[in-house]
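Okay, here's what each chain looks like letter by letter:
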Amino acid sequence: MISRRLSNSTLKALPASVAVPRYDRGGVAPGIVHLGVGAFHRAHQAAYVDDCLAAGEADWGVVGVSLRSPDTRDALAPQDGLYTLAIRSSIGEELRVIGSILSLLVAPEDPAAVLAALTDQRTRIVTLTITEKAYLRAAGGGLDSTHPDIVHDLASPQMPRTAHGFLTEALSRRRAAGIQPFTVLCCDNLPANGATLHRLLVEFAALRDARLATSGDARLATSGDARLAAHIADGVAFPSSMVDRIVPATTGADRARIAVELGVEDAWPVMTEPFCQWVVEDDFPAGRPAWEKFGVTMVGDVGPFEDMKLRLLNGSHSAIAYLGLLSGYDTVDRAFADPAIRQFVDGLWAEAIPTLPQDAGLDTAGYTAQLAERYSNTALAHRTAQIANDGSQKLPQRIVASAVERLGAGDPPAHLMLVVAAWVAACEARGKTLPEAHFTDPIDTRLTALGSRPAGETVTAMFDLAGFAKDHAHRMTLIDLTAAHLERLRRGGTAAALAALGIGSEKP
């Protein structure tokens with residue numbers, strides 16, 4: 001039994017086949033605070049920063065912050081923040097120890113420590129991977145000002161719970177101390193993610209300004225803090241970015257295998273694929289690492305790349321997940337190996353590609369060929385249930401946006417709306433043909449109240465709950481298309497629904 005843990009003291013004992021940090025971690029200073037220090041960040045941004053540190057950029061270490069759970073801190077703190085990145089392909093696995101995370105904080109345990117890290121003048125960039133649902137948007141896309149955590153943060157700004165509260169309070173403190181604002185770099189799958197977060201934070205700050213203005217506190221009234229919304233709107237950079245790397249959940253078998261390879265235990269290694277992409281708008285007034293030296297694409301407008309990724313990769317990922325779950329496939333590679341699902345994905349791409357910018361020089365043929373290769377990676381074991389989480393938050397930008405544009409151009413979105421119907425059917429299947437909590441969604445509590453209804457009523461209710469195509473002229477057409485698909489899924493399963501699109505149902 002292996003008893004030693006991965007740590008600074010055991011690095012030199014690792015096998016020569018394992019790549020380790022090629023720099024003195026003791027000489028690295030924090031320059032980035034990352035909110036949402038989960039597996040994706042550790043497979044993506046933290047790896048790029050690790051490259052920069054190895055190149056001598058020693059002032060860009062990462063302070064990782066968990067906004068909810070202490071799990072990552074509890075796993076990595078005894079390891080001095082080190083963890084193994086296992087890069088898996090169908091032909092083998094490469095192991096790399098990442099050293100860019102210098103410390104880990106848990107916001108609910110010590111919000112003051114998080115605010116101190118954010119206010120530290122050495123912090124020049126704050127990155128986020130907090131998932132779509134943590135942005136707390138209302139159905140119309142604006143800030144959900146009634147959310148209990150938003151209400152709390154407005155009432156108790158020095159003890160925040162949300163990213164909105166932490167960022168706003170930190171920017172307020174930096175402004176009062178005469179410290180330059182940090183750049184806020186969103187790395188989540190939101191449309192125009194930088195602009196979206198900018199808008200939400202300005203909305204939050206405006207609510208905070210209004211509360212201060214009516215508080216009757218003379219000290220606050222003279223502090224200048226009541227103009228914080230304008231400061232964030234005009235004085236803080238929010239570049240958009242597009243991130244892409246498949247990161248399946250780590251299993252117990254993964255941990256056991258990695259421990260044997262290392263000769264020491266790693267409580268939380270991260271599994272990923274060889275492919276990695278990051279496209280970033282180059283707007284960093286306080287400076288940034290030289291990411292472009294290590295494969296990051298720095299651009300003036302990330303929009304076209306973002307749209308291609310959301311609609312072609314993320315959209316097809318959701319399709320494979322829901323159709324795969326309904327067909328009994330537990331991983332992406334198994335679902336994608338089904339000829340009918342593979343053919344459906346081609347049809348989905350054919351519908352989505354015309355909705356992308358046609359003058360941006362995007363190589364959609366090369367991109368989809370690359371996606372097909374990635375989905376066929378048998379070593380990755382990316383679980384369909386993992387991808388299926390939070391469909392109500394993901395499908396608007398992945399699927400519904402393309403469908404609306406298709407209808408606006410007079411073209412049918414039949415494949416696109418089957419994805420939405422498959423999401424509805426998969427939600428209905430939980431507790432029946434799928435385990436009760438096989439995947440989750442922020443609107444689950446309200447979904448359970450729907451009960452059993454005819455397809456049209458169910459789809460209308462789901463559209464209402466998720467805010468799909470709200471107030472859009474084509475909303476009823478989308479509902480009707482989705483309801484027809486759902487009826488076929490209910491009566492004859494995926495075979496019947498795909499057959500209606502002219503797709504065969506034979507399996508390998």
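Not measured: the values here are computed from a predicted model. (Residues numbered from 1 in each chain as written. Predicted model: local features only at pLDDT ≥ 70, side-chain atom pairs only at ≥ 80, totals over all residues. Heavy atoms only, no water.)

Peer 1: Hey, could you go over unusual backbone geometry for me, with residue numbers and the actual values?
Peer 2: The backbone phi angle of Asp80 is positive, close to 60°, even though this residue is not glycine. Considering the arrangement of structural elements, one finds Asp80 in the loop between helix H3 (71-76) and strand E3 (83-89). In this structure Asp80 comes out as partly exposed when scored by relative accessible area, which is 32%. (Helix = DSSP H or I, 4+ residues; strand = E, 2+ residues; numbered from the N terminus. Buried < 20%, exposed > 50% of the residue type's maximum accessible area, 1.4 Å probe, protein only.)

Peer 1: Please provide a residue-by-residue account of helix H2 (residues 45-54), values included.
Peer 2: Most of H2 sits out of view: eight of its 10 residues are buried. The complete set of buried residues in H2 reads Gln45, Ala46, Ala47, Tyr48, Val49, Asp50, Cys52 and Leu53. Of the residues flanking the end of H2, it is Gly56, one or two places downstream, whose phi is positive at about 100°.

Peer 1: Lay out the packing of helix H17 (residues 414-429) against helix H19 (residues 455-466) with the relevant residues and their values.
Peer 2: Viewed as axis vectors pointing N to C, H17 and H19 meet at an angle of 95°, and their least axial separation amounts to 11 Å. With respect to H19, the element H17 is oriented roughly perpendicular. Residue-level inspection shows Met417, Val420, Trp423, Val424, Cys427 and Glu428 of H17 in contact with H19, the latter providing Thr458, Met462, Phe463 and Ala466. Class assignment of the residues belonging to the contact of H17 with H19 gives a composition of eight nonpolar, one polar and one charged. (Axes fitted to C-alpha atoms, helices over the stretch in contact; angles between N-to-C directions. Parallel < 35°, antiparallel > 145°, perpendicular 65-115°, else oblique. Contact = heavy atoms within 4.5 Å. Nonpolar A, V, L, I, M, F, W, Y, C, P; charged D, E, K, R; others polar.)

Peer 1: Quick one: what's the story with the pairing of E3, residue by residue and with numbers?
Peer 2: Counting buried positions along E3 gives six out of seven residues, so the element sits mostly inside the fold. The hairpin turn running from E3 into strand E4 (residues 92-98), its antiparallel successor, is two residues long. Relative to strand E9 (residues 270-272), E3 runs parallel, the two being bridged by three bridges. Directly across from Ala86, in E9, lies its bridge partner Met271. (Pairing = 2+ DSSP bridges.)

Peer 1: Outline the packing of aromatic side chains, supporting the account with residue identities and numerical values.
Peer 2: A full pass over the atoms with the stated rule returns seven aromatic pairs. Taking the centre distance of 4.8 Å and the plane angle of 50° together, the rings of Trp278 and Trp291 count as tilted. One end of the pair, Trp278, is in strand E10 (residues 277-281); the other, Trp291, is in the loop between E10 and strand E11 (297-299), and 13 residues separate them in sequence. There is no split in this pair, since Trp278 and Trp291 are both buried. Consider the rings of Trp423 and Phe468, whose centres lie 5.5 Å apart with planes at 55°: the pair is tilted. With Trp423 in helix H17 and Phe468 in the loop between H19 and helix H20 (475-499), this residue pair connects regions lying 45 residues apart in the sequence. (Phe/Tyr/Trp six-rings, centres within 6.5 Å; stacked < 30°, edge-to-face > 60°.)

Peer 1: Provide a residue-level description of the sheet that holds strand E7 (residues 183-186), including the pertinent values.
Peer 2: One open sheet accounts for five strands, arranged E5-E2-E1-E6-E7; its pairing is parallel. Sheet topology places strand E5 (101-106) and E7 at the edges, where each strand pairs with a single neighbour. The sheet shows a mean angle of 20° between the axes of neighbouring strands, direction not considered. Sheet topology note: the strand E1 (residues 30-35)/strand E6 (residues 125-128) ladder contains four bridges and is parallel. In the sheet register, Val33 faces E6, and the bridge partner there is Val126. The strands touched by helix H4 (residues 111-119) within the sheet are E1, strand E2 (61-66), E5 and E6, with E5 carrying the most contacts at an inclination of about 140°.

Peer 1: Could you give an account of the nonpolar core, naming the residues involved and the relevant values?
Peer 2: In terms of nonpolar packing, the biggest core is built from 69 residues, with Phe344, Trp423 and Leu478 touching the most fellow members. No other element matches H17, which puts 13 residues into this core. If near-sequence neighbours (up to four positions away) are discounted, Phe344 is found in contact with Ala319, Leu323, His415, Leu418, Val419, Leu498, Leu501 and Ile503. Judged by nonpolar contacts, the second largest core, of 38 residues, contains Leu35, Leu167, Cys186 and Val236. (Core = buried A, V, L, I, M, F, W, Y, C linked by side-chain atoms within 4.5 Å.)

Peer 1: So, the environment of Ile353: which residues are in play, and what are the values?
Peer 2: Here Ile353 lies in the loop between helix H13 (339-352) and helix H14 (364-375). A relative accessible area of 24% places Ile353 in the partly exposed class. Through-space distance from the C-alpha of Ile353 to that of Glu487 is 27 Å; in sequence the pair is 134 residues apart. If near-sequence neighbours (up to four positions away) are discounted, Ile353 is found in contact with Leu312, Gln358, Thr364 and Thr368.

Peer 1: An account of the pattern of salt bridges is needed here, citing residue identities and associated values.
Peer 2: Under the defined criterion, the tally for this structure stands at 27 salt bridges. Note that Glu109 and Arg73 form a salt bridge whose closest N and O atoms lie 3.0 Å from each other. Note that Glu109 is positioned in the loop between E5 and H4 and Arg73 in helix H3, a separation of 36 residues in sequence. (Salt bridge = Lys/Arg side-chain N within 4 Å of Asp/Glu carboxyl O.)

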